[in-house]
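Breakdown of the fold
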Amino acid sequence: MTSTPPPSTTPPTSPTAPSSTRPARPARPARPARPARPAIGVDVGGTRTKFGAVSPDGTLAVPYSLPTPRDPRALGAMIAEQTARLREQAHLAESTPVGVAVPGIIDEEREVVELAVNLGWEQLPLGALLRDQLSAPLALGHDVRAGGLAEAAWGAGRLFDQRPAAGSAEAPPLADLIFVPIGTGIAAAVVHDGAVFGDRFTGEIGQVRVEEPYTGRTMRLEEVASASAIGRRFAEQIDPDARSLVTTDGGRPAARAVVDRAREGDADAERILFSALDTLGQALATIISSVGTLPVVIGGGLAEGGPIVLDTLRESISGRLGVVPTPPVLPSSLGMWAGCQGAGLMGMVRAS
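Below or above, wherever it landed, is the structure these notes cover. Here the structure is a predicted model, which is why all the values come from computation and not from measurement.

**Things to note about the sheet that holds strand 7 (residues 112-116)**
Read from one edge to the other, the open sheet built from three strands follows the order 6-7-8, with strand pairing classed as antiparallel. Strands with a single pairing partner mark the edges of an open sheet, and in this sheet they are strand 6 (105-107) and strand 8 (121-124). In this sheet, adjacent strand axes meet at a mean angle of 15° when their direction is disregarded. Bridge analysis of strand 6 against strand 7 gives three bridges, and the strand direction is antiparallel.

Here you go:
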(Lines give C-alpha, C1' and ligand atoms only; values in the text may rest on other atoms or scores of the structure.)
Protein backbone atom coordinates (compact mmCIF):
# COMPACT_ATOMS: atom_id res chain seq x y z
CA MET A 1 0.00 0.00 0.00
CA THR A 2 1.30 3.42 -0.89
CA SER A 3 0.41 6.50 1.02
CA THR A 4 0.57 10.06 -0.19
CA PRO A 5 0.20 13.17 1.99
CA PRO A 6 -3.18 14.82 1.44
CA PRO A 7 -3.18 17.79 -0.91
CA SER A 8 -3.50 21.23 0.57
CA THR A 9 -7.04 22.49 0.78
CA THR A 10 -6.02 26.10 1.33
CA PRO A 11 -7.82 28.17 -1.30
CA PRO A 12 -5.41 29.08 -4.10
CA THR A 13 -4.54 32.76 -4.09
CA SER A 14 -2.70 34.93 -6.53
CA PRO A 15 -2.17 38.69 -6.66
CA THR A 16 -2.85 38.49 -10.38
CA ALA A 17 -5.37 35.67 -10.46
CA PRO A 18 -6.88 35.40 -13.95
CA SER A 19 -10.37 36.75 -14.29
CA SER A 20 -13.00 35.16 -16.46
CA THR A 21 -13.65 36.85 -19.80
CA ARG A 22 -17.34 36.07 -19.49
CA PRO A 23 -19.72 38.82 -18.34
CA ALA A 24 -21.10 38.50 -14.84
CA ARG A 25 -24.51 36.84 -14.57
CA PRO A 26 -27.22 37.28 -11.99
CA ALA A 27 -26.71 34.96 -9.04
CA ARG A 28 -29.02 31.99 -8.78
CA PRO A 29 -31.43 32.43 -5.86
CA ALA A 30 -30.06 30.78 -2.74
CA ARG A 31 -31.64 27.51 -1.62
CA PRO A 32 -32.16 26.62 2.01
CA ALA A 33 -28.91 24.97 3.14
CA ARG A 34 -28.93 21.40 4.41
CA PRO A 35 -26.17 20.03 6.58
CA ALA A 36 -23.39 18.65 4.41
CA ARG A 37 -21.97 15.22 5.20
CA PRO A 38 -18.53 13.67 4.73
CA ALA A 39 -18.07 10.87 2.22
CA ILE A 40 -15.55 8.31 1.07
CA GLY A 41 -14.09 8.85 -2.40
CA VAL A 42 -12.88 5.99 -4.60
CA ASP A 43 -11.17 6.80 -7.91
CA VAL A 44 -10.71 3.66 -10.01
CA GLY A 45 -7.85 3.95 -12.47
CA GLY A 46 -6.45 1.65 -15.10
CA THR A 47 -3.51 0.68 -12.88
CA ARG A 48 -4.25 1.97 -9.37
CA THR A 49 -7.35 2.86 -7.33
CA LYS A 50 -7.24 5.84 -4.97
CA PHE A 51 -9.13 6.04 -1.68
CA GLY A 52 -9.73 8.89 0.75
CA ALA A 53 -12.14 10.39 3.27
CA VAL A 54 -13.52 13.68 1.92
CA SER A 55 -14.91 16.41 4.18
CA PRO A 56 -17.66 18.83 3.08
CA ASP A 57 -14.99 21.53 2.58
CA GLY A 58 -12.98 19.24 0.27
CA THR A 59 -10.32 18.26 2.79
CA LEU A 60 -8.92 14.84 1.96
CA ALA A 61 -7.91 12.55 4.83
CA VAL A 62 -6.16 9.17 4.83
CA PRO A 63 -5.38 9.16 1.09
CA TYR A 64 -3.73 6.09 -0.38
CA SER A 65 -3.83 3.89 -3.46
CA LEU A 66 -3.77 0.19 -4.29
CA PRO A 67 -3.38 -1.78 -7.54
CA THR A 68 -6.65 -2.05 -9.47
CA PRO A 69 -7.86 -5.66 -9.81
CA ARG A 70 -8.82 -6.55 -13.36
CA ASP A 71 -11.74 -8.70 -12.22
CA PRO A 72 -14.78 -6.52 -11.34
CA ARG A 73 -15.82 -8.75 -8.43
CA ALA A 74 -12.34 -8.57 -6.96
CA LEU A 75 -12.51 -4.80 -7.34
CA GLY A 76 -15.86 -4.72 -5.55
CA ALA A 77 -14.47 -6.79 -2.70
CA MET A 78 -11.46 -4.49 -2.40
CA ILE A 79 -13.67 -1.39 -2.34
CA ALA A 80 -15.87 -2.92 0.36
CA GLU A 81 -12.85 -3.85 2.47
CA GLN A 82 -11.06 -0.54 2.07
CA THR A 83 -14.11 1.67 2.66
CA ALA A 84 -14.72 -0.20 5.91
CA ARG A 85 -11.10 0.40 6.84
CA LEU A 86 -11.41 4.10 6.00
CA ARG A 87 -14.56 4.51 8.08
CA GLU A 88 -12.68 3.14 11.06
CA GLN A 89 -9.52 5.19 10.50
CA ALA A 90 -11.37 8.46 9.82
CA HIS A 91 -14.00 7.83 12.56
CA LEU A 92 -16.89 7.92 10.10
CA ALA A 93 -20.36 6.47 10.60
CA GLU A 94 -21.42 3.20 8.98
CA SER A 95 -23.88 5.19 6.87
CA THR A 96 -21.17 7.44 5.40
CA PRO A 97 -21.84 7.52 1.64
CA VAL A 98 -19.36 6.19 -0.90
CA GLY A 99 -18.68 7.78 -4.27
CA VAL A 100 -16.94 5.67 -6.91
CA ALA A 101 -15.49 7.28 -10.05
CA VAL A 102 -14.46 5.13 -13.01
CA PRO A 103 -13.10 5.83 -16.51
CA GLY A 104 -14.89 5.11 -19.76
CA ILE A 105 -18.43 5.65 -20.98
CA ILE A 106 -20.76 5.50 -17.99
CA ASP A 107 -24.55 5.43 -17.89
CA GLU A 108 -24.84 7.00 -14.45
CA GLU A 109 -28.60 6.55 -14.24
CA ARG A 110 -28.41 2.78 -14.82
CA GLU A 111 -25.00 2.57 -13.07
CA VAL A 112 -23.60 0.62 -16.01
CA VAL A 113 -20.09 0.97 -17.43
CA GLU A 114 -20.83 0.71 -21.12
CA LEU A 115 -17.18 0.71 -22.15
CA ALA A 116 -13.89 1.10 -20.25
CA VAL A 117 -11.11 0.16 -22.65
CA ASN A 118 -8.25 0.41 -20.16
CA LEU A 119 -10.04 -1.95 -17.77
CA GLY A 120 -11.43 -4.34 -20.37
CA TRP A 121 -15.04 -3.71 -19.31
CA GLU A 122 -18.08 -3.60 -21.57
CA GLN A 123 -21.73 -3.33 -20.46
CA LEU A 124 -20.70 -3.98 -16.86
CA PRO A 125 -23.46 -3.40 -14.23
CA LEU A 126 -20.90 -2.06 -11.79
CA GLY A 127 -23.44 -0.28 -9.60
CA ALA A 128 -25.37 -3.48 -8.91
CA LEU A 129 -22.13 -5.36 -8.26
CA LEU A 130 -20.95 -2.76 -5.74
CA ARG A 131 -24.33 -2.52 -4.02
CA ASP A 132 -24.16 -6.27 -3.41
CA GLN A 133 -20.98 -5.73 -1.40
CA LEU A 134 -21.54 -2.32 0.21
CA SER A 135 -24.03 -1.49 2.92
CA ALA A 136 -23.52 2.27 2.65
CA PRO A 137 -25.25 4.62 0.17
CA LEU A 138 -23.48 4.67 -3.20
CA ALA A 139 -22.98 7.06 -6.11
CA LEU A 140 -21.26 5.90 -9.31
CA GLY A 141 -19.91 8.32 -11.90
CA HIS A 142 -17.27 9.24 -14.46
CA ASP A 143 -13.77 9.98 -13.19
CA VAL A 144 -13.10 13.08 -15.29
CA ARG A 145 -16.50 14.64 -14.60
CA ALA A 146 -15.95 13.95 -10.90
CA GLY A 147 -12.52 15.56 -11.05
CA GLY A 148 -13.96 18.56 -12.86
CA LEU A 149 -16.56 19.07 -10.13
CA ALA A 150 -13.91 18.87 -7.41
CA GLU A 151 -11.64 21.30 -9.24
CA ALA A 152 -14.55 23.71 -9.79
CA ALA A 153 -15.51 23.56 -6.12
CA TRP A 154 -12.28 23.22 -4.17
CA GLY A 155 -9.40 23.65 -6.62
CA ALA A 156 -8.59 26.12 -9.36
CA GLY A 157 -12.27 27.13 -9.41
CA ARG A 158 -11.64 29.18 -6.27
CA LEU A 159 -9.73 31.67 -8.44
CA PHE A 160 -12.95 32.48 -10.30
CA ASP A 161 -16.55 33.39 -9.54
CA GLN A 162 -18.45 30.45 -8.09
CA ARG A 163 -22.20 29.98 -8.23
CA PRO A 164 -24.56 27.67 -6.34
CA ALA A 165 -24.60 24.16 -7.74
CA ALA A 166 -27.66 23.12 -9.69
CA GLY A 167 -30.05 20.62 -8.16
CA SER A 168 -28.51 20.08 -4.72
CA ALA A 169 -28.55 22.19 -1.58
CA GLU A 170 -25.68 20.06 -0.22
CA ALA A 171 -23.25 20.72 -3.07
CA PRO A 172 -20.62 23.49 -2.75
CA PRO A 173 -20.60 26.44 -5.16
CA LEU A 174 -18.95 25.73 -8.51
CA ALA A 175 -16.96 27.84 -10.97
CA ASP A 176 -17.40 27.54 -14.73
CA LEU A 177 -14.37 25.79 -16.22
CA ILE A 178 -13.08 23.11 -18.61
CA PHE A 179 -11.14 20.37 -16.83
CA VAL A 180 -8.70 18.39 -19.01
CA PRO A 181 -6.62 15.70 -17.29
CA ILE A 182 -3.75 14.46 -19.44
CA GLY A 183 -2.43 11.05 -18.44
CA THR A 184 -2.59 7.67 -20.14
CA GLY A 185 -5.58 9.11 -22.00
CA ILE A 186 -7.28 12.47 -22.51
CA ALA A 187 -10.81 13.54 -21.68
CA ALA A 188 -12.55 16.77 -20.74
CA ALA A 189 -15.34 17.90 -18.46
CA VAL A 190 -17.19 21.18 -18.91
CA VAL A 191 -18.59 22.60 -15.67
CA HIS A 192 -21.10 25.33 -16.49
CA ASP A 193 -23.86 27.05 -14.55
CA GLY A 194 -23.44 24.84 -11.51
CA ALA A 195 -23.36 21.44 -13.24
CA VAL A 196 -21.33 19.23 -15.57
CA PHE A 197 -22.48 19.85 -19.12
CA GLY A 198 -23.59 17.11 -21.53
CA ASP A 199 -24.40 13.41 -21.61
CA ARG A 200 -22.29 10.31 -21.02
CA PHE A 201 -20.42 10.77 -24.32
CA THR A 202 -19.54 14.42 -23.73
CA GLY A 203 -15.86 15.07 -23.15
CA GLU A 204 -14.44 11.96 -24.84
CA ILE A 205 -12.07 14.16 -26.85
CA GLY A 206 -9.30 11.58 -26.66
CA GLN A 207 -11.27 9.43 -29.12
CA VAL A 208 -11.46 12.15 -31.80
CA ARG A 209 -9.52 11.22 -34.93
CA VAL A 210 -6.63 13.55 -35.76
CA GLU A 211 -3.61 13.46 -38.08
CA GLU A 212 -0.28 12.63 -36.50
CA PRO A 213 1.81 15.73 -37.18
CA TYR A 214 4.84 14.00 -38.74
CA THR A 215 3.76 10.63 -40.06
CA GLY A 216 0.39 11.78 -41.40
CA ARG A 217 -1.31 8.71 -39.94
CA THR A 218 -4.87 9.10 -38.67
CA MET A 219 -4.91 8.40 -34.96
CA ARG A 220 -6.97 9.10 -31.86
CA LEU A 221 -6.08 12.37 -30.13
CA GLU A 222 -4.89 10.52 -27.03
CA GLU A 223 -2.49 8.52 -29.22
CA VAL A 224 -0.81 11.81 -30.13
CA ALA A 225 -1.18 14.16 -27.17
CA SER A 226 -1.60 12.13 -23.97
CA ALA A 227 1.30 11.90 -21.56
CA SER A 228 1.89 8.25 -22.45
CA ALA A 229 1.75 9.09 -26.18
CA ILE A 230 4.40 11.80 -25.86
CA GLY A 231 6.87 9.31 -24.41
CA ARG A 232 5.92 6.63 -26.93
CA ARG A 233 6.23 8.98 -29.93
CA PHE A 234 9.66 10.12 -28.76
CA ALA A 235 10.76 6.50 -28.55
CA GLU A 236 9.33 5.62 -31.96
CA GLN A 237 10.47 8.68 -33.88
CA ILE A 238 13.60 9.89 -32.12
CA ASP A 239 15.16 7.21 -29.93
CA PRO A 240 13.83 3.72 -30.72
CA ASP A 241 15.52 2.23 -27.67
CA ALA A 242 14.31 5.06 -25.41
CA ARG A 243 17.53 4.51 -23.49
CA SER A 244 17.86 8.18 -22.70
CA LEU A 245 14.41 8.46 -21.13
CA VAL A 246 13.32 7.86 -17.59
CA THR A 247 10.59 5.23 -17.76
CA THR A 248 7.29 4.87 -15.98
CA ASP A 249 6.47 2.02 -13.59
CA GLY A 250 5.20 0.06 -16.56
CA GLY A 251 8.49 0.41 -18.41
CA ARG A 252 7.12 2.90 -20.93
CA PRO A 253 9.01 6.09 -21.89
CA ALA A 254 7.92 8.91 -19.60
CA ALA A 255 6.52 12.20 -20.87
CA ARG A 256 8.21 14.05 -18.01
CA ALA A 257 11.61 13.13 -19.48
CA VAL A 258 10.57 14.57 -22.85
CA VAL A 259 9.36 17.77 -21.13
CA ASP A 260 12.65 18.07 -19.24
CA ARG A 261 14.64 17.65 -22.44
CA ALA A 262 12.50 20.21 -24.26
CA ARG A 263 13.00 22.68 -21.42
CA GLU A 264 16.75 22.27 -21.90
CA GLY A 265 16.43 23.12 -25.60
CA ASP A 266 16.57 19.62 -27.10
CA ALA A 267 15.14 20.16 -30.61
CA ASP A 268 13.87 16.58 -30.99
CA ALA A 269 12.05 16.69 -27.65
CA GLU A 270 10.59 20.09 -28.54
CA ARG A 271 9.30 18.68 -31.82
CA ILE A 272 7.44 15.85 -30.10
CA LEU A 273 6.13 17.90 -27.18
CA PHE A 274 5.07 20.98 -29.16
CA SER A 275 3.34 18.95 -31.88
CA ALA A 276 1.37 17.08 -29.20
CA LEU A 277 0.32 20.30 -27.48
CA ASP A 278 -0.55 21.93 -30.81
CA THR A 279 -2.79 18.99 -31.72
CA LEU A 280 -4.47 19.17 -28.30
CA GLY A 281 -4.89 22.93 -28.73
CA GLN A 282 -6.92 22.33 -31.89
CA ALA A 283 -9.41 20.19 -29.97
CA LEU A 284 -9.64 22.60 -27.04
CA ALA A 285 -10.13 25.61 -29.31
CA THR A 286 -13.15 23.86 -30.81
CA ILE A 287 -14.61 23.24 -27.35
CA ILE A 288 -13.99 26.84 -26.25
CA SER A 289 -15.58 28.28 -29.37
CA SER A 290 -18.63 26.10 -28.71
CA VAL A 291 -19.19 26.50 -24.95
CA GLY A 292 -17.56 29.88 -24.32
CA THR A 293 -14.33 31.25 -22.93
CA LEU A 294 -14.22 29.19 -19.76
CA PRO A 295 -10.92 28.80 -17.90
CA VAL A 296 -9.04 25.66 -18.98
CA VAL A 297 -7.65 23.63 -16.08
CA ILE A 298 -5.05 21.03 -17.05
CA GLY A 299 -4.72 17.99 -14.80
CA GLY A 300 -2.44 14.99 -14.74
CA GLY A 301 1.32 14.83 -14.54
CA LEU A 302 1.85 16.85 -17.71
CA ALA A 303 0.39 19.93 -16.01
CA GLU A 304 3.41 19.89 -13.70
CA GLY A 305 5.62 20.70 -16.70
CA GLY A 306 5.13 24.41 -16.06
CA PRO A 307 5.22 27.23 -18.64
CA ILE A 308 6.74 25.17 -21.44
CA VAL A 309 3.56 23.08 -21.38
CA LEU A 310 0.88 25.57 -20.31
CA ASP A 311 2.11 28.58 -22.30
CA THR A 312 2.63 26.48 -25.42
CA LEU A 313 -0.86 25.04 -25.12
CA ARG A 314 -2.38 28.48 -24.56
CA GLU A 315 -0.61 29.83 -27.65
CA SER A 316 -1.95 26.94 -29.72
CA ILE A 317 -5.48 27.65 -28.51
CA SER A 318 -5.14 31.39 -29.00
CA GLY A 319 -3.89 31.03 -32.57
CA ARG A 320 -7.10 29.22 -33.54
CA LEU A 321 -9.76 31.28 -31.78
CA GLY A 322 -9.73 34.34 -34.04
CA VAL A 323 -11.90 37.04 -32.47
CA VAL A 324 -12.82 34.80 -29.52
CA PRO A 325 -10.86 35.86 -26.41
CA THR A 326 -8.36 33.31 -25.13
CA PRO A 327 -9.27 32.03 -21.65
CA PRO A 328 -6.77 31.37 -18.87
CA VAL A 329 -4.93 28.05 -19.08
CA LEU A 330 -3.72 26.90 -15.67
CA PRO A 331 -2.74 23.75 -13.79
CA SER A 332 -5.01 21.75 -11.54
CA SER A 333 -4.84 22.73 -7.87
CA LEU A 334 -5.89 19.29 -6.63
CA GLY A 335 -3.42 17.34 -8.71
CA MET A 336 -3.65 13.57 -8.86
CA TRP A 337 -6.33 13.46 -6.14
CA ALA A 338 -8.98 15.48 -8.02
CA GLY A 339 -10.86 12.34 -9.10
CA CYS A 340 -10.87 10.93 -5.57
CA GLN A 341 -12.13 14.19 -4.09
CA GLY A 342 -14.71 14.43 -6.85
CA ALA A 343 -15.87 10.90 -6.13
CA GLY A 344 -16.37 11.98 -2.51
CA LEU A 345 -18.34 14.99 -3.69
CA MET A 346 -20.61 12.70 -5.74
CA GLY A 347 -21.15 10.61 -2.66
CA MET A 348 -22.11 13.66 -0.60
CA VAL A 349 -24.69 15.01 -2.99
CA ARG A 350 -26.31 12.05 -4.74
CA ALA A 351 -25.53 8.74 -3.03
CA SER A 352 -28.55 6.56 -2.40
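**Concerning the sheet that holds strand 17 (residues 296-299)**
Pairing is mixed across the open sheet formed by five strands, whose spatial order is 14-13-12-17-18. Looking at which strands have only one partner, the edges of the open sheet turn out to be strand 14 (195-196) and strand 18 (329-331). Here strand 17 runs beside strand 18; their pairing, made up of three bridges, is parallel. Opposite Ile298, over in strand 18, you have Pro331 as the bridge partner. Contacting strand 12 (177-181), strand 13 (189-192) and strand 17, helix 7 (residues 267-291) crosses the sheet at an angle of about 160° to strand 12.

**Some remarks on helix 7**
Compared with an ideal rise of 1.5 Å per residue, which puts 25 residues at 36 Å, helix 7 spans 35 Å between its outermost C-alpha atoms and is within 8% of the ideal. The opening residue of helix 7 is Asp266, an N-cap whose side-chain oxygen sits 2.9 Å from the backbone nitrogen of Asp268. Gly292 occupies a position one or two residues after helix 7 and carries a positive phi of about 115°.

**Structural notes on the packing of helix 5 (residues 227-237) against helix 6 (residues 255-263)**
Taken N-terminus to C-terminus, the directions of helix 5 and helix 6 make an angle of 70°; their axes are 7 Å apart at the nearest point. As judged from the angle between their axes, helix 5 and helix 6 are roughly perpendicular. Seen along the crossing, helix 5 lies across helix 6 with a hand that is left-handed. Across from Ala227, Ile230, Gly231 and Phe234 in helix 5, the residues of helix 6 making contact are Ala255, Val258 and Arg261. Residues of the contact of helix 5 with helix 6, tallied by class, amount to five nonpolar, one polar and one charged.

**Observations concerning the environment of Ala351**
Mapped onto the fold, Ala351 is located in the segment after helix 9 (338-350). Given a relative accessible area of 13%, Ala351 falls into the buried group. Along the chain, Ala351 and Pro137 lie 214 residues apart, while their C-alpha atoms are 5.2 Å from each other. The residues touching Ala351, leaving out its near neighbours within four places in the chain, are Arg37, Pro97, Val98, Pro137, Leu138, Ala139 and Met346.

**Here's the deal with the pairing of strand 8**
Two faces belong to every sheet, and in a regular strand the side chains alternate between them. Across three bridges, strand 7 lies against strand 8 in antiparallel orientation. Bridge pairing in strand 8 links Val113 to Leu124.

**Some remarks on the environment of Ala153**
Along the chain, Ala153 turns up in helix 3 (residues 143-154). Residue class for Ala153 comes out buried when judged on its relative accessible area of 5%. On a C-alpha basis, the gap between Ala153 and Asp176 in space is 9.7 Å, while along the polypeptide they are 23 residues apart. Not counting residues within four places of it along the chain, the set of residues in contact with Ala153 comprises Arg158, Gln162, Pro172, Pro173, Leu174 and Leu345.

Thresholds applied
Residues numbered from 1 in each chain as written. Predicted model: local features only at pLDDT ≥ 70, side-chain atom pairs only at ≥ 80, totals over all residues. Heavy atoms only, no water. Pairing = 2+ DSSP bridges. Helix = DSSP H or I, 4+ residues; strand = E, 2+ residues; numbered from the N terminus. Axes fitted to C-alpha atoms, helices over the stretch in contact; angles between N-to-C directions. Contact = heavy atoms within 4.5 Å. Expected span 1.5 Å × (residues − 1). Polar contact = N/O pair within 3.5 Å; in protein donor to acceptor, adjacent residues only side chain to side chain. Parallel < 35°, antiparallel > 145°, perpendicular 65-115°, else oblique. Left-handed = near helix turned anticlockwise from the far one by under 90°. Nonpolar A, V, L, I, M, F, W, Y, C, P; charged D, E, K, R; others polar. Buried < 20%, exposed > 50% of the residue type's maximum accessible area, 1.4 Å probe, protein only.

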